[in-house]
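What the coordinates show
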Amino acid sequence: QVQLVESGGGSVQAGGSLRLSCAASGRTFSSTAMAWFRQAPGKEREFVAFISWGGQNIYYAISVKGRFTISRDNAKNTLYLQMNSLKPEDTAVYYCAALGKYYSDLTKPYEYDYWGQGTQVTVSS
């Protein structure tokens, strides 16, 4: 069992920044690959960023590459998402997720076993 709790969401103007955090407990965080997803109203949940257990491998969605940075602190059992140059189209509920033991496509939500409750990010123009 893994418990994930996101925080750090809020409302900002376009061009602003936010830093999301995801506190993990339960299963060994340091050996678990993690990702951020987001879901806007009326849209499917979409992949944002991925980080391997040790941080060696990092991937981003094209829409956020160069603006968002995923990182983790295994000593604190915490995952982060630094979001800069925010745009109105970044408005969504953001979720952190723990990758399952077996997977084929780490950009797909169904590959992830555990999810946080989500944190709202609203970007106004």
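Residues numbered from 1 in each chain as written. Predicted model: local features only at pLDDT ≥ 70, side-chain atom pairs only at ≥ 80, totals over all residues. Heavy atoms only, no water.

Focus: the pairing of strand S8 (residues 78-83)
For S8, the tally of buried residues reaches five of six residues, placing the bulk of the element in the interior. As paired strands, strand S3 (residues 18-26) and S8 are joined by six bridges and run antiparallel to one another. Paired with Ser 21 across the strands is Tyr 80, a residue of S8. The pairing of strand S7 (residues 68-73) with S8 spans six bridges and is antiparallel. Of the residues in S8, the one forming a bridge with Phe 68 is Met 83. In sequence, S7 turns back onto S8 through a hairpin of four residues, with Asn 77 there showing a positive phi of about 55 degrees. (Buried < 20%, exposed > 50% of the residue type's maximum accessible area, 1.4 Å probe, protein only. Helix = DSSP H or I, 4+ residues; strand = E, 2+ residues; numbered from the N terminus. Pairing = 2+ DSSP bridges.)

Notes on the layout of surface pockets
Rolled over the atoms, a probe with the dimensions of a water molecule shows which regions are left empty. Within this model, the largest pocket holds a volume of roughly 180 Å³. Around the largest pocket sit 10 residues that line it, and Ser 31, Thr 32, Ala 33, Leu 99 and Gly 100 are the ones nearest its centre. (1 Å grid on protein atoms, 1.4 Å probe; cavity = no way out; pocket = protein on both sides within 12 Å on 5 of 7 lines; lining within 4 Å. Points joined across faces, edges and corners; volume = space filled by probe spheres on them.)

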